[in-house]
Amino acid sequence: MAESVCQGTKDPWRVLEFYSGIGGMRYSLMKAGVNYNVVEAFEINDKANDVYQHNFGHRPCQGNIQSLTEVDLDGYGANVWLLSPPCQPYTRQGLQKHSADARAFSFLNILELIPRMSKPPNMLLVENVVGFETSDTHAKMVQVLAGADFVTQEFILSPLQFGVPYSRPRYFCLAKRKPLSFQCQLFNNQLLWSPSPLFGNDEKTVIGENGQSQENWDKLIDSCQPIEKFLEFTSSSDQGDTETISLVNTDDSANGWETSDKFVEGNACDFGSIDQFVVPLSLIERWGSAMDIVYPDSKRCCCFTKSYYRYVKGTGSLLATVQPKNKGKTSSLKEQCLRYFTPREVANLHSFPKDFLFPKHISLRQRYAMLGNSLSVAVVAPLLQYMFAEPS
Ligand SMILES: C[S@@+](CC[C@H](N)C(=O)[O-])C[C@H]1O[C@@H](n2cnc3c(N)ncnc32)[C@H](O)[C@@H]1O
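Residues numbered from 1 in each chain as written. Predicted model: local features only at pLDDT ≥ 70, side-chain atom pairs only at ≥ 80, totals over all residues.

If you check an unreviewed UniProt entry, the chain appears there as tRNA (Cytosine(38)-C(5))-methyltransferase from Hibiscus sabdariffa. The Sequence similarities (unreviewed entry) field of the UniProt record for the chain holds the comment "Belongs to the class I-like SAM-binding methyltransferase superfamily. C5-methyltransferase family." (UniProt positions renumbered as here; feature names shortened; annotations may be inferred.)

A.B. asks: Before we move on, can you summarise the domain arrangement of the chain with the specific residues and values?
C.D. replies: Each assigned domain of the chain is listed here: domain 1 (3–218 + 376–388) and domain 2 (227–373). Contacts between the two partners involve 19 residues from domain 1 and, on the opposite side, 21 residues from domain 2. Of all the secondary structure elements, the ones that give two or more residues to the side of domain 1 that touches domain 2 are α2 (24–32), α3 (46–56) and α11 (377–388). The element best represented in the side of domain 1 that touches domain 2 is α3, accounting for six residues. A class-by-class count of the residues in the side of domain 1 that touches domain 2 yields ten nonpolar, six polar and three charged. (Domains from an automatic or database assignment. Contact = placed C-beta atoms within 7 Å. Helix = DSSP H or I, 4+ residues; strand = E, 2+ residues; numbered from the N terminus. Nonpolar A, V, L, I, M, F, W, Y, C, P; charged D, E, K, R; others polar.)

A.B. asks: Got a sec to walk through the nonpolar core? Specific residues and values, please.
C.D. replies: If you look at the biggest cluster of nonpolar residues, it comprises 94 residues, and the most contacted ones within it are Val15, Leu125, Phe172 and Leu383. Looking at this core, the element that brings in the most residues is α11, giving ten residues. Residues lining this core come from more than one domain, with at least three contributed by each of domain 1 (3–218 + 376–388) and domain 2 (227–373). Beyond its immediate stretch of four places on either side in the chain, Leu383 contacts Leu125, Phe155, Phe172, Leu174 and Leu198. (Core = buried A, V, L, I, M, F, W, Y, C linked by C-beta atoms within 7 Å. Buried ≥ 20, exposed ≤ 12 C-beta atoms within 10 Å, placed from the backbone.)

A.B. asks: Give a description of the packing of helix α5 (residues 105–113) against helix α6 (residues 136–147) that names residues and reports values.
C.D. replies: Contact geometry for α5 and α6: axes closest at 10 Å, N-to-C directions at 15°. Relative to α6, the element α5 lies roughly parallel. Considering how the two elements wind past one another, α5 and α6 form a crossing that is left-handed. On α6, the residues that touch Phe107, Leu108 and Leu111 of α5 are Thr137, Lys140, Met141 and Val144. (Axes fitted to C-alpha atoms, helices over the stretch in contact; angles between N-to-C directions. Parallel < 35°, antiparallel > 145°, perpendicular 65-115°, else oblique. Left-handed = near helix turned anticlockwise from the far one by under 90°.)

A.B. asks: Go over the confidence of the model for the chain, please, and point to the residues and values.
C.D. replies: Chain-level statistics for the chain give a pLDDT mean of 87 and a share of 84% at 70 or above. Scored below 50 in pLDDT, residues 1–8 shows ten contacts in the model against residues more than four places distant or in partner chains. When the criterion is pLDDT under 50, residues 237–243 qualifies, and its contacts beyond four places in sequence or with other chains add up to five contacts. In the predicted assembly, ipTM is 0.99 and pTM is 0.90. (pLDDT = per-residue confidence, 0-100.)

A.B. asks: Kindly report on the sheet that holds strand β4 (residues 80–83), identifying the contributing residues and their values.
C.D. replies: If you trace the eight strands from one edge of the open sheet to the other, you get β3-β2-β1-β4-β5-β7-β6-β8, paired in mixed fashion. Each of the sheet's edge strands pairs with one partner strand only, and the pair in question is β3 (61–62) and β8 (191–192). Direction of pairing for strand β6 (residues 150–157) relative to strand β7 (residues 170–177): antiparallel, over a ladder of eight bridges. Each residue of the ladder has a partner; that of Val151, found in β7, is Lys176. The strands touched by α6 within the sheet are β5 (123–129), β6 and β7, with β6 carrying the most contacts at an inclination of about 145°. (Pairing = 2+ DSSP bridges.)

A.B. asks: Could you give me a rundown of the pairing of β5, with the residues and numbers involved?
C.D. replies: Buried residues dominate β5, accounting for seven of its seven residues. Pairing analysis gives four bridges linking β4 to β5, with the strands arranged parallel. Residue pairing in the sheet places Leu82 in a bridge with Leu125 of β5. Between β4 and its parallel partner β5, the chain crosses via α5, and the hand of that crossover is right-handed. Here β5 pairs with β7 via seven bridges, running antiparallel. The residue bridging Val129 from the neighbouring strand is Arg170, located in β7. (Right-handed = clockwise from strand over helix to strand, strands pointing away.)

Right under this line is the structure:
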């Protein structure tokens, strides 16, 4: 076995985190219980770097990943790369220019460096939107990885499949360079829509979209925790008309983290009042029919995008804080006291730990934008565990 592979069994895995944002990949590594050392993170956005530094005490290398060379990367001696490149070139709502979109160039550059490196990584994980798997960037990635002796397993997974009431399907590619191999080799070079292999199930039926019938999804959604477990504010009507809003102390069990710290500074409270999360009546009148509305006892909410709070249509769910007798459009939306999920609540739905904080100078819009760009720790952590596991 090559020296760099043996390293991994005792010494920490040396990890490079590309497109580090607010650190979703790093939280996933922590959650996966992997023995790791992030030797460098790369991110162009200085506000995201402020957040990363605030939480991890290390400021990512700020610059364009496109300008990295094979010499730079060899210099880090890393065995693991984690990459969540921009998804705009591949989103269904976008122009779908794929590799012709300038935002794809930095990832293409990284791919081109792999064959030129003297010490390419032993493992890598790539995250992107659904749609990436049919792009020419994906074709290029598969070609480069195969040429460099990697075996891949690909997944499309959503937090709903991990008990979190949050629909955020995403594409993931796990790659291991020979002689490393996956625990379950049956799924080599396959795209799976099921997390079964991550739980030790090696039935071939999980390949493809089979098994993802509406009935299965209904069952999955039913087994998720209710949204209220992820809220920091609940409202309740006490007897008469008066409505009270209270801060709840959801413990970290909803997120699957061990700690159970109380809410601390740096969250919604920074902004003073809950009022700023209330959806204005003018928006309800104009866009009410296009809003995705959920209730504290709902078992699903929609993906929060980076435009949440700036736009209401298609950017994420809104919470009805007064539960109507008859849910849905039959009850007036105005009476349901709609509000936005707070950034802390979005972070909870992304399964970030409670001690994740934004520095105070990061505005509300910036918080939503960065969270919208980030990822579900509940999904990535088990993927990492599966990738790092050695076949028995
Ligand atoms: C999909 S987000 C990844 C977010 C990250 N995984 C997280 O948990 O927050 C892509 C990130 O890549 C950064 N980015 C985009 N193009 C870049 C480039 N050429 N060089 C460095 N960073 C870039 C963006 O600023 C954004 O934060």
